[in-house]
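Examination of the molecular architecture
If you want the building blocks of each chain, they are given just below.
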Amino acid sequence: MEETKLKSFKRFFQLIMFMTSSLVWSQDLITISGSVAAAKDGMPLGGVNIFVEDTDYATVSDFDGNFEIVVPSNAILTLSYIGFQTKTIDLSGRDNYDFVLEEDVQSLEDVVVVGYGQVKKSDLTGAVSTLDQEEITAIPTTNALESLQGKVPGLDLTKSSGQAGASLSFNIRGNRSLNASNGPLVVVDGIIYGNTLDVNPNDIASVEVLKDASATAIYGTLGANGVILITTKSGKMGKSRVSVNSYYAIQDLGGYANIMTGPEWVALRREARRTVGEWNGVEDDVNIFNPTQLENFQNGIYTEWADEILGTGSIQNHQVSVSGGSEKTAYYFSMEYFREEGLLRNDNLDRYSGRLRVNHEILDNLSVGTNIQYSIKERNIRRDPLNQANKMSPLGAPYDAEGNLLVFPVGDSSTLNPLVDEQPGNYVNNEENNRFFGNVSLDWKPFENFTFTSRLGIDRTNYRRGLFSASNTLEVGADGLSLARAENGFFNRTTFENFMNYSFSLSEKHEFQTLLGSSVWKTTQEDYLAEGRDLASPTMLFNNLGALQTQIQNDSSLEERQLASFFGRLNYKFDERFLVTLLLRTDGSSVLAPGKKWGYFPSAALGWVMSKEKFMENTNWISNLKLRASYGISGNSAVTPYQTLGGLSRSTYAFDAGNDEQPAFGYYPSLIAASDLTWETTATTNFGIDFGFFNNRLTGTLDMYEQNTSDLLMQRALPTTSGFSIAWDNIGKTRNRGLELVLSTRNLVEENNGISWTSDITFTTNNEEIVELPEGDRDLANSWFVGQPINSFYNYEKIGIWQLGEEDLAAQYGQEPGDIRVRDQNGDGVITPDDRTIIGSTVPDYTLGFNNRISFKGIDLNVFVYARQGQTITSEAAGSYKIDGLENGPLVDYWTPENPTNAYPRPDAGTSRASTQYYSTLQYVDGSFWKIRDITLGYNLPDSVLENLKVSKLRFYATAKNYFVFSGMDPYDPERGGNLSFPMTRQMVFGLNLEL
């Protein structure tokens, strides 16, 4: 009876609920229309999912962000769009249906590009660093990779010089190989690009740096030295968006060595002659200076030649892009013009480039895409005039009274004016490059979570280099015959890849991602050269080599290499807590010996998300905590092709034809075939921690690693009795151990009176060492030593200058006061080669980057500090002291009886640099530095102004680059590496970012 009553009550209750819901959902339906836009810039968002939860009421915003939907009047509307925060809206009482969505920064960061796919950052088991588009474009750069300096731990990057179009020098986690390449692989949109990156930073969506074997092994031999993955922007469904990014920079000398002035050089020359008894007063000047120099000195005429050469340069970049798309097609198109003027005349670079990316959905499960870039570069390369300028006598004038250049300005017929190359038609070194870089891909999705991709990539560069140097130029010397040279060639790389990604779950706790694929590529490079002397007319430059009259030469070459690869990867996740990554790649390289061409490179990685364990549930201050461990093997075959075949070299001899001798050529074996040459391998172990504290106000990553490289691709010396001098072989071992740390803090959030302040700190320390050499523990010819970094300096250790009062002790070593004093390492009272020691290395003890971003309403400030500490460099300035006083050079503190310094030895006209004992010890200096590399101040116009201007965004900014450098080599910037040619520059940049 009671059971019957209970059943009747349940039926009645269900009927009431059904009737109530029917009244609500049927009687108060309304039709609303509105729009969806991005909160940041107001751009319409097409393809936004708009729906009422658990109902059939749903629609999608159109191309212009507009929508129309029928819903209950009191419904809760949900708006969802990839890359933006999901938004729920109560429609009760609303009459405005125009909505905006905020970017989901965390969501954007969650997806990390890895080889041939993507994974969530939370599922990552390898050592990967990511920079998003905002970080890449935060400061204007000539090379997008420059923005990585100090922001990616483990990446050691410096700019090679201040020359227009100067390259970057960089490696990831140290140098491994002694003779083979140590450069990382750079990949743009899945295709190998090369280290000279001319992709506009505003075209880049993200950069990922893969560092451990778990991340890099998917690229096999190509990724042995680390991988930099660059993903360019693509279009999105919605209204067309036009962006304009433009800046102009004025660049001048960042810092340079102090070169001696006229009076300072005269003092040096007098002291050098006083040492040998040839100068006792001004009356002896006539004996040590030629008449022109003496007259100029007496009349106060002298020139600081470097100041005459170094001027002011500029950099400008202008880029326009258009992007958008429909439900089926998305596009992105951009054009760029870049120009850099160096500090020297005729040192400049012009670059024009265009980029087109189109993705089209042919069928619901079939799409095609293409990404094409074409660039034209023209560069005028100046021969370094500063070497001549810094060593020649300052007692001269560059021009005569009428303003004509004096070719020989210091009274002799051998010392050329360093400005001679600037005269019209005297010197031209011009380079042109036309590059096509593109790919086309096909994506097929026959069923859910399965994608098959087929991709063809082509990278082709055609280039021409032409040189002409007239008589009396720095290239050919005083009264030398003119020189003309032309080089032509092309480089082509074709890549064809096929791979499939499949994701599936066996239950809610078991998730799998699989990858299986193959890749083949081939490179071809052809070069042609012709040159000669004594061109009939200087007006021909390098365009009529048939008019050369003597020393005519020609040459050509062909180089080809191929690589075939197969690869697979399995990612497994259990219960959102435990992660496993297994990977295997096999490569076959054409440059290795027969039977040794194939290598197999496995890796494995584990991850444990501790923060999702039950015992961590009540630890509120820990937002994220993940432990990672990986081990893998990668290979390196980066040697020049044909080493396994041996080589011939040409020999010139006189052939007796009976009556007279005729010049003839023959060939002899010069390179022995490396018939056993195989893979250089690196085994990497990595332990990492990813963490987030205090609701992710403090986040970071800590990685510790060890890399052991064996079977080094190395040239070893052969006994002369073999008939050869060197041979390629797999010998030797190296090791790199290091620690990398990234810390990111949200110091202030925007809720604090509109102020936002975030900071990023990166710290890297790497211990690089040679573990094994072919013979013994040292190779003196190459300065390689077991237990030391590859690039080490081995010499005597300078401890000062012998002083007055130390004559007896100095005499024991065959020296006298004023000479260089070095340490007797073994204390035997004799300085021998055994007293040489390791002076230092180019490898820094650590590098540090510290970036701060502060914004207040429309104002933003970015300050970036970069430090490189503990490196030793060879300073051209320190090692160019002209002890005999014959030439000029950097101003130094040299010893005299009246100036008992410990810095530099006494000037001595009776000796030279080559004959001065221990002279080479002067060049080693501490190259540590830290710099405020960039300070950027920007202002975004407020929305009220933007509405009147009919634009979505307008930002103005100014950047000071390299203005503040602190080191023991002041005012010189040690990032240049010690050289005096093409010194580092500093720039004041003014720019704008506009979006329509």
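From a predicted model like this one, the values you see are computed outputs, not experimental measurements. (Residues numbered from 1 in each chain as written. Predicted model: local features only at pLDDT ≥ 70, side-chain atom pairs only at ≥ 80, totals over all residues. Heavy atoms only, no water.)

Turning our attention to the overall build of the protein chain. Along the protein chain, the regular secondary structure elements total eleven helices and 50 strands. Classification of the 996 residues of the protein chain by burial places 48% in the buried group. Sequence separation of at least 24 residues holds for 68% of the intrachain contacts in the protein chain that already meet a minimum separation of 6. Total accessible area on the protein chain is roughly 46000 Å²; 52% of this is exposed by carbon and sulfur atoms. Across the protein chain, the 81 positively charged side chains and the 124 negatively charged ones have centroids separated by 6 Å. (Helix = DSSP H or I, 4+ residues; strand = E, 2+ residues; numbered from the N terminus. Buried < 20%, exposed > 50% of the residue type's maximum accessible area, 1.4 Å probe, protein only. Contact = heavy atoms within 4.5 Å. Areas by Shrake-Rupley, 256 points an atom, 1.4 Å probe, with all protein chains shown as cover. Lys, Arg positive; Asp, Glu negative; His and termini not counted. Charge placed at Lys NZ, Arg CZ, Asp CG, Glu CD.)

Think of a pair of aromatic rings as described by two things: how far the centres are apart, and how the planes are tilted against each other in angle. Taken as a whole and judged by the stated rule, the model has 30 aromatic pairs. Aromatic pair F504 and F512: ring centres 4.9 Å apart, planes at 10°, arrangement stacked. Judged by relative accessible area, which is 25%, F504 ranks as partly exposed. Residues W621 and F693 carry aromatic rings whose centres are separated by 5.3 Å and whose planes lie at 40° to one another, so their mutual orientation is tilted. Placement of W621 in the loop between strand 28 (598–609) and strand 29 (622–636) and of F693 in strand 32 (residues 680–693) is noted, with a sequence separation of 72 residues between them. Residue classification places F693 among the buried residues on the basis of a relative accessible area of 18%. Taken together, the ring pairs connect F447, F450, Y502, F504, F512 and Y572 into an aromatic cluster. The ring of F490 carries the charged tip of R460 above its face, separated from the ring centre by 4.2 Å. (Phe/Tyr/Trp six-rings, centres within 6.5 Å; stacked < 30°, edge-to-face > 60°. Lys NZ or Arg CZ within 6 Å of the ring centre and 35° of its normal.)

So, about helix 7 (residues 291–298). Of the positions making up helix 7, those classed as buried are Q293, L294 and N296. Angularly, the buried residues of helix 7 cover 165° about the axis, an arc narrow enough to put them on a single face. Opposite the buried face of helix 7, at more than 90 degrees from it, the exposed residues are P291 and Q298. Of the surrounding secondary structure, the elements contacted by the buried residues of helix 7 are helix 5 (262–275) and helix 6 (285–288). Where helix 7 begins, the side chain of N290 points an oxygen toward the backbone nitrogen of T292, at a separation of 3.1 Å. Of the residues trailing helix 7, G300 is marked for its positive phi of about 70°. (Arc of directions from axis to C-beta. Polar contact = N/O pair within 3.5 Å; in protein donor to acceptor, adjacent residues only side chain to side chain.)

Glancing now at the environment of G281. Checked against the element boundaries, G281 lands in the loop between helix 5 and helix 6. Expressed as a C-alpha distance, the spacing of G281 and E775, which sit 494 residues apart in the sequence, is 58 Å.

If you walk across this open sheet you meet the four strands as 3-2-5-6, and the pairing is antiparallel. At either end of the open sheet lies a strand with only one pairing partner, and these are strand 3 (58–60) and strand 6 (87–90). Neighbour to neighbour, the strand axes of the sheet diverge by 20° on average, direction disregarded. With three bridges connecting them, strand 2 (residues 49–52) and strand 3 associate as antiparallel partners. Counted as the bridge partner of I50 is T59 from strand 3. (Pairing = 2+ DSSP bridges. Axes fitted to C-alpha atoms, helices over the stretch in contact; angles between N-to-C directions.)

All right, on to the pattern of salt bridges then. If you walk through the whole model with that rule in mind, you get 51 salt bridges. A salt bridge links K328 to D364; the shortest N-O distance between them is 3.8 Å. With K328 in the loop between strand 18 (313–325) and strand 19 (329–341) and D364 in the loop between strand 20 (348–363) and strand 21 (366–380), this pair connects stretches of sequence that are 36 residues apart. For D364, a relative accessible area of 71% translates into the label exposed. (Salt bridge = Lys/Arg side-chain N within 4 Å of Asp/Glu carboxyl O.)

Of the pairings in the sheet, the one linking strand 25 (residues 510–535) to strand 26 (residues 548–574) comprises 24 bridges and is antiparallel in character. In the sheet register, Q513 faces strand 26, and the bridge partner there is N571. Relative to strand 27 (residues 578–589), strand 26 runs antiparallel, the two being bridged by twelve bridges. Along strand 27, the bridge assignment pairs N571 with T581. If you look at the hairpin formed by strand 26 and strand 27, you'll find three residues sitting between the two strands, and D575 has a positive phi there, around 55°.

As recorded in UniProt, the feature "domain: TonB-dependent receptor plug" (unreviewed entry) lies at residues 121–227. In residues 121–227, the share of helix is 7% and the share of strand is 27%. The end C-alpha atoms are 17 Å apart. (UniProt positions renumbered as here; feature names shortened; annotations may be inferred.)

Next up on the list: the side chain of K626. Among the secondary structure elements, K626 is positioned in strand 29. With a relative accessible area of 3%, K626 lands in the buried category. Within the structure, the side chain of K626 is placed 3.2 Å from the backbone oxygen of S122, a separation counted as a polar contact. Engagement of the side chain of K626 in a polar contact is seen with the backbone oxygen of L124, the distance being 2.7 Å.

Okay, the sheet that holds strand 4 (residues 66–72) next. Taken in spatial order, the three strands make up an open sheet running 4-1-7, and their pairing is mixed. One side of each edge strand has no neighbouring strand; the edge strands of this open sheet are strand 4 and strand 7 (98–101). Across the sheet, the mean angle from the axis of one strand to that of its neighbour is 40°, orientation sign disregarded. With seven bridges connecting them, strand 1 (residues 29–38) and strand 4 associate as antiparallel partners. Paired with L29 across the strands is P72, a residue of strand 4.

We now examine helix 5. It helps to recall that an α-helix has 3.6 residues per turn; residues three or four apart then point in one direction. Taking 1.5 Å as the rise per residue, helix 5 with 14 residues should run 20 Å; its terminal C-alpha atoms sit 20 Å apart, in good agreement. Among all positions of helix 5, only G262, W265, V266, L268, R269, R270, E271, A272 and R273 are buried. Residues of helix 5 that are buried make contact with helix 6 and helix 7. (Expected span 1.5 Å × (residues − 1).)

It is worth spelling out a nonpolar patch on the surface at this point. The grouping of Y352, Y374, I376, F436, V440, L456, I458, F496 and V520 at the surface amounts to a nonpolar patch, some 730 Å² of accessible area in total. Broken down by secondary-structure element, the contributors of at least two residues to the nonpolar patch are strand 21, strand 22 (427–444) and strand 23 (450–469). Within the secondary structure, V520 is located in strand 25. (Patch = residues over 30% accessible without salt bridge, like charges linked within 9 Å, V, L, I, M, F, W, Y side chains within 5 Å.)

This paragraph deals with the environment of V865. Along the polypeptide, V865 turns up in strand 45 (residues 859–869). Once the C-alpha coordinates of V865 and A213 are considered, the two residues, 652 residues apart in sequence, prove to be 30 Å apart. Not counting chain neighbours up to four residues away, the residues in contact with V865 comprise L848, G849, F850, W930, K931, I932 and R933.

To continue, consider the nonpolar core. Judged by nonpolar contacts, the single largest core of 27 residues is most densely connected at F289, Y881 and Y904. Contributions of two or more residues to this core are made by helix 5 and strand 42 (820–822). Considering every element that reaches this core, the biggest residue donor is helix 5, with three residues. By size, the runner-up hydrophobic cluster in this structure holds 24 residues, among which are A389, L405, L419 and I873. (Core = buried A, V, L, I, M, F, W, Y, C linked by side-chain atoms within 4.5 Å.)

Extensive coverage of strand 12 (residues 168–172) is indicated by the burial of four of its five residues. The pairing of strand 11 (residues 155–159) with strand 12 spans five bridges and is antiparallel. By the bridge assignment, K159 is partnered in strand 12 with L168.

As for its placement among the helices and strands, S792 is situated in strand 40 (residues 792–795). Judged by relative accessible area, which is 6%, S792 ranks as buried. Excluding residues within four positions of it along the chain, S792 makes contact with S783, G840 and S841.

Moving on to unusual backbone geometry. At the junction of D970 and P971, the peptide bond is cis and its omega measures out at 5° in the coordinates. Within the element layout of this structure, P971 appears in the loop between strand 49 (953–967) and strand 50 (985–995). If you check the backbone angles, E576 has positive phi at about 60° while not being a glycine. In this fold, E576 is placed in the loop between strand 26 and strand 27. Assessed through its relative accessible area of 33%, E576 is described here as partly exposed.

Bringing the environment of V520 into the picture now. Given a relative accessible area of 39%, V520 falls into the partly exposed group. Measuring from C-alpha to C-alpha, the distance between V520 and P897 comes to 71 Å, with 377 residues separating the pair along the chain. Leaving out residues up to four positions away in the same chain, V520 has contacts with T494, T495, F496, L563 and A564.

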